Amino acid sequence: MKDLARLALDTAAARGADYADVRAIEFTREDIQVKNGEVGGLELSDSAGLGVRVLVQGAWGFAATDDLTKEGAERCAAEAVAIGRASASLEHEPVRLAPEPAHRAVWTSQCAVDPFSVPLERKLDLLFRIDGEMRAVRGVKNAESFLSFLRKRQHYVSTEGADIDQTVTRSGGGFTSTAVSEREVQRRTFPQAEGFHQALGYEFIESIPWMENARRIAEESVALLTADQCPSGDFDLILEGSQLALQIHESVGHPSELDRVLGMEANYAGTSFLTLDKQHKLAFGSKLVNLVADATLPQGLATFGFDDDGVEAQRWHIVQDGLFVGYLTSRELAHRAGDARSRGCVRSDGWHHIPMIRMVNLSLMPGSGTLEDLLTDTDHGLYLETNRSWSIDQLRYNFQFKTELAWEIRKGKRVRMLKNPTYQGITTQFWNSCDFVCGPEEWKPWGVVNCGKGQPGQVAEITHGAAPARFRKVRVGAGYDA
Amino acid sequence: MRREAAHALLDQALSLANGRDVEIILGGGFDALTRFANNQITQNVAERRYLLSARVVEGKRTGRATTSDVSREGIARVLDRAARAARLQPEIPDLLPLPDAQHYTDIDAADSATEALEPGARAKEVERAVRRCRKAGLEGAGIYEVRSGTIGEYGEIGALAMANTRGLFAYHSGTSAIFRVSALDGTASGWAGRESHRAADVDGDALSEVAVEKALRSRAPAAWEPGRYTVVLEPAAVADLIQDMAWISFGALLVQEGRSFLAGKMGTRVMGENITLRDDPFHPLHRGSPFDAEGMPTRPTTLIDRGVAAGAVYDRQTAAKEGRESTGHGLPVPNTYGPIARHLVLEGGEGSVEDLIRKVDRGLLVTRVWYTNVVDPKTVTLTGMTRDGLFAIEGGKVTGGVRNFRFNQSVVQMLGQVEALSRPERTGGVVCPGLLVRSFQMSSGTEF
């Protein structure tokens, strides 16, 4: 693969590319699902290929192939250059890449126990035990559980002299209990919606208290069918960490992507309200709000040594003490935000897709106090757990989320379970209403593994660390208040 | 990959079965996409790739393995991994044996001119669209995408060819050309799109003209209060809503598990009499695949017949539970999702969207919707935002732009309040008309 990457690079240069980089990637995956006492899916997959990116007369071209022969690599490089030439045929401002040292490095994510060496029987045994525990609860319609393991080996070379090997292993899993009545479908998931994933080996799976939570989750899914409907109105809202993670993802992460800000996603994912004039001026949130982008976060899903521009991983503030200060940038666009160097946020989801700006790990920094302290401090409010649906406008102002359940809080105590809680707001109003962020003891690196962006669409995985936090007077009840 | 080459590759794979029951699915092809923004090309990509997925069945056990390595050695390796996966798992009591050979009706969906379209030709079409935006003083952004084979929107791979050791062989390849353009003036925007199996149907200039006109009309939008409005939904908006409804409603497993609004409602009226919804890959605007990922022939299936719940789509497993035949809507076995409707056709009327607008005294014209998601599956209540052109209709005419709304609306209820339908077109992978709908709930506003 390394030789083919080098051959493709040399071919691109010989064909007229002013700049080129090549990623040779090998993926290995294992996905196992169990549903209602049966294996619902067991797939072992691998793929390998080359992605060749070029600049020709200041315009991009990209081609990808799984033909891993000498001819295949040469043909792919030639196609990338031909496409770059077609891009350059339109009037354009030539791309100029922010300088970055030509790194030569090897980087590997943490992995104590290789998940691919753990026998399938052991993984299935865990899933069947979780499944049995959930199905022991009367009223459970569907018990579903899964484990997922991924390894990515990437070799990156560029005409600037970069030569970087990176290997990432990530493990994840989760389970869902669904209860159904004539009028509704209720579900509970653990540890979070879409599963809990980290860049670790099988030791991550073994660290999660699966069996301790399976019955509780199943019981809650059934109890939701007869729970009271969450009332509508303005409420003080406490968001549990994994829901807050998605709130960060949608209302902070995407609007701070510089390619969106500059209109490059206008036809699909949208643009952003965080226009260049707002940097260092906009009161994004209250003084308690500190949001940090960090590609060096241990175990993060978007942690790496170097991004797909060959830029070294960094850590910086997006929001500092409530003030909007930073963007997610690339070598191509950093100068548009006044930066001499890229923040290193360029990634693709495989050899077959072109790298572009994607979120690195983005977290709400912890404040102080436990969840119990926060509840005790709340006279009347709602505590919302675990995402069920999400939506936000294309400039990232108006969002609406639904969670799996809410607890009504009165005088610091959880007094009743409520079903179908939804909340809606405007991003900066919402973050400015934050008046309590729990401390490090409650902070967890939650994840998002289904982030869609780009055309062709790409799926990214990102960690968002968060501890529970409180937001004052948030509108609750959309979709159920008509 | 042509039929003959696919056949030869699958024959080679089956020759390595060593007496085992084996199913092979081959998917992939070519996808090229020119992307533009700020009136210039910003990305320009092409990918060529194939995936081969092997399933081994050993009695009531089955395992699957997938690889991009379609060499003889790669295929042998993937077969061994699938067999190992099968052996390691417990029995699936209701696992069905592999199907026998089936008969398929060919669908003419591959256009050689589209397959051969060069990046230079895509760039020229983009230039026509950009020129019109630039002339109007607007920023143009969009895509021109050409596909051949079965690479999906997010890189997912569908079945191009499949075969099994019981003599089944199926092949279908199609092309598609998709052009979408947004015209922007600050936060004001307009949008237009076209998709067909032929690149010759794409006219970037004409689409850009529509997007530009919508963007110009969207300037200085009026702020209307949230509430229930009469709306005209253009086909792109309708497609998004009914596609979401299909994901959570029309698969037989969803109905059998009681998770669909159709559960217990078959044969009863659930929508207006003017609503007939089918799944039909043979529709001339779809030209989809005539078989599913189990190798079963896909049959046109009526889901809603003049407002009455008429049926669901089935795979072999859900069909066996009810003692009926698969409709050919299965996913690769085994899976936890059940069958899905992939070629929706909502029947429409004869007139245009403009004819619908003329019928409205006061209401809103919705160009398209964005970021839809399910609020309540049993009522098919969706939330989402209007986008790229929300307009006031007054006295049967479009009178100006309106600030975008978030909606929370039951699609089932909406399809009971349709007053008129326009001519269907293909958009967002759905064939559907524009709709004139009463009492559509816009629940909150935004800043633009």
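Residues numbered from 1 in each chain as written. Chains lettered and ligands numbered in written order. Predicted model: local features only at pLDDT ≥ 70, side-chain atom pairs only at ≥ 80, totals over all residues.

(A) Here's a closer look at the overall build of chain B. Helix and strand content of chain B: 10 helices and 21 strands. The principal-axis extent of the C-alpha atoms belonging to chain B is close to 70 × 55 × 35 Å. Taken across its 448 residues, chain B has 58% of its residues classed as buried. When contacts within chain B are restricted to residue pairs at least 6 apart in sequence, long-range pairs at least 24 apart make up 73% of them. (Helix = DSSP H or I, 4+ residues; strand = E, 2+ residues; numbered from the N terminus. Buried ≥ 20, exposed ≤ 12 C-beta atoms within 10 Å, placed from the backbone. Contact = placed C-beta atoms within 7 Å.)

(B) Geometry of the overall build of chain A. Along chain A, the regular secondary structure elements total 9 helices and 24 strands. Here the C-alpha radius of gyration of chain A, 24 Å, is about what a compact globule of 482 residues would show, namely 23 Å. Over its C-alpha atoms, taken along the principal directions, chain A stretches across nearly 70 × 55 × 40 Å. Residue burial in chain A is summarised as follows: out of 482 residues, 61% are buried. Taking contacts inside chain A between residues at least 6 apart in sequence as the whole, the part at least 24 apart equals 75%. (Rg over C-alpha atoms; globule rule 2.2 N^0.38 Å.)

(C) Examining helix H3 (residues 120-135) of chain A more closely. Helix length check: H3(A) (16 residues) gives 22 Å between terminal C-alpha atoms against 22 Å at 1.5 Å per residue, within 8%. Buried residues in H3(A) make contact with strand S1 (19-35), strand S5 (142-158), strand S6 (163-180) and helix H5 (210-226) of chain A. (Expected span 1.5 Å × (residues − 1).)

(D) View of the sheet that holds strand S16 (residues 362-364) of chain A. All names here are of chain A. One open sheet accounts for 4 strands, arranged S13-S12-S11-S16; its pairing is antiparallel. Single-partner strands in this sheet number two, and they are strand S13 (323-324) and S16. In terms of strand pairing, strand S11 (residues 291-294) meets S16 through 3 bridges, oriented antiparallel. Residue pairing in the sheet places Ala293 in a bridge with Leu362 of S16. In the packing of helix H6 (residues 241-253) onto the sheet, contacts are made with S11, strand S12 (315-320) and S16, and the angle to S16 comes to roughly 120 degrees. (Pairing = 2+ DSSP bridges. Axes fitted to C-alpha atoms, helices over the stretch in contact; angles between N-to-C directions.)

(E) Structural context of H5(A). All names here are of chain A. In a regular helix each residue adds 1.5 Å, so 17 residues correspond to 24 Å; H5 covers 26 Å between its end C-alpha atoms and thus fits that length. Within H5 the residues assigned to the buried category are Ala214, Ile217, Ala218, Glu220, Ser221, Val222 and Leu224. Packing partners of the buried residues in H5 comprise H3, S6, strand S7 (185-190), strand S18 (398-410) and strand S19 (413-419).

(F) View of the domain arrangement of chain B. Residue and element names in this part refer to chain B. Domain annotation of chain B identifies domain 1 (3-185) and domain 2 (220-448). With centres defined by C-alpha atoms, the gap from domain 1 to domain 2 works out at 26 Å. Domain 1 puts 25 residues into the contact, and the matching count from domain 2 is 19 residues. Contributing elements (two or more residues each) for the side of domain 1 that touches domain 2: strand S2 (40-58), strand S3 (61-67) and strand S5 (161-164). When the residues that make up the side of domain 1 that touches domain 2 are grouped by side-chain class, the tally is 11 nonpolar, 9 polar and 5 charged. (Domains from an automatic or database assignment. Nonpolar A, V, L, I, M, F, W, Y, C, P; charged D, E, K, R; others polar.)

(G) Region of the structure containing the pairing of strand S20 (residues 422-426) of chain A. All names here are of chain A. Taken across its 5 residues, S20 has 5 buried, putting it largely inside the fold. Burial along S20 is two-sided: the face carrying Thr422, Gln424 and Ile426 and the face carrying Tyr423 and Gly425 are both buried. Relative to S20, S18 is paired through 5 bridges, and the arrangement is antiparallel. If you follow Gln400 over to S20, its bridge partner there is Gln424.

(H) Inspection of the interface of chain B and chain A at higher detail. Each partner contributes residues to the interface: chain B has 78 residues there, and chain A has 73 residues. The element that contributes the greatest number of residues to the side of chain B that touches chain A is S2(B), accounting for 12 residues. Of the residues assigned to the side of chain B that touches chain A, the class counts are 29 nonpolar, 30 polar and 19 charged. Bridge analysis of strand S2 (residues 38-56) of chain A against S3(B) gives 4 bridges, and the strand direction is parallel.

(I) Representation of the packing of helix H2 (residues 70-88) of chain A against helix H4 (residues 119-135) of chain B. In the contact formed by H2(A) and H4(B), the axes pass within 9 Å of each other and the chain directions differ by 20 degrees. Put simply, H2(A) runs roughly parallel to H4(B). In the packing of H2(A) onto H4(B), the handedness of the crossing is right-handed. Mapping the contact onto sequence places Ala82(A), Ile83(A), Ala86(A) and Ser87(A) in H2(A) and Pro119(B), Gly120(B) and Ala123(B) in H4(B). Considering only residue class, the contact of H2(A) with H4(B) consists of 5 nonpolar, 2 polar and no charged. (Parallel < 35°, antiparallel > 145°, perpendicular 65-115°, else oblique. Left-handed = near helix turned anticlockwise from the far one by under 90°.)

(J) How the structure looks around the domain arrangement of chain A. Residues and elements named next belong to chain A. According to the domain assignment, chain A contains domain 1 (2-226) and domain 2 (229-476). For domain 1 and domain 2, the distance between their C-alpha centroids amounts to 21 Å. The interface of domain 1 with domain 2 comprises 42 residues on the first partner and 39 residues on the second. Broken down by element, the side of domain 1 that touches domain 2 gets its largest block of residues, 5 residues, from S1. Split by residue class, the side of domain 1 that touches domain 2 holds 20 nonpolar, 13 polar and 9 charged.

(K) Quick look at the environment of Leu285(B). Residues and elements named next belong to chain B. With respect to the secondary-structure elements, Leu285 resides in the loop between strand S10 (277-279) and strand S11 (301-305). Spatially, the C-alpha atoms of Leu285 and Ser196 are 7.2 Å apart, while their sequence positions differ by 89 residues. If we skip the residues at most four places from it in the chain, Leu285 touches Arg426 and Val431.

(L) Here's a closer look at the pairing of strand S15 (residues 381-394) of chain B. All names here are of chain B. For S15, the tally of buried residues reaches 12 of 14 residues, placing the bulk of the element in the interior. Judged from the 11 bridges that link them, strand S14 (residues 362-376) and S15 form a sheet pairing that is antiparallel. Looking at the pairing, Leu364 lines up with Ala392 of S15. Connecting S14 to the antiparallel partner S15 that follows it, the hairpin turn spans 4 residues, and Val380 within it adopts a positive phi of roughly 50 degrees. When S15 meets strand S17 (residues 405-410), the two strands line up antiparallel, connected through 5 bridges. Bridge pairing in S17 links Leu382 to Gln409.

(M) Up close: the packing of helix H1 (residues 2-14) of chain A against H2(A). All names here are of chain A. Between H1 and H2, the shortest axis-to-axis distance is 8 Å and the interhelical angle comes to 40 degrees. When the axes of H1 and H2 are compared, the crossing they make is right-handed. Of the residues in H2, those touching H1 at Leu4, Leu7, Ala8, Thr11 and Ala12 are Lys70, Ala73, Glu74, Cys76, Ala77, Ala78, Ala80 and Val81.

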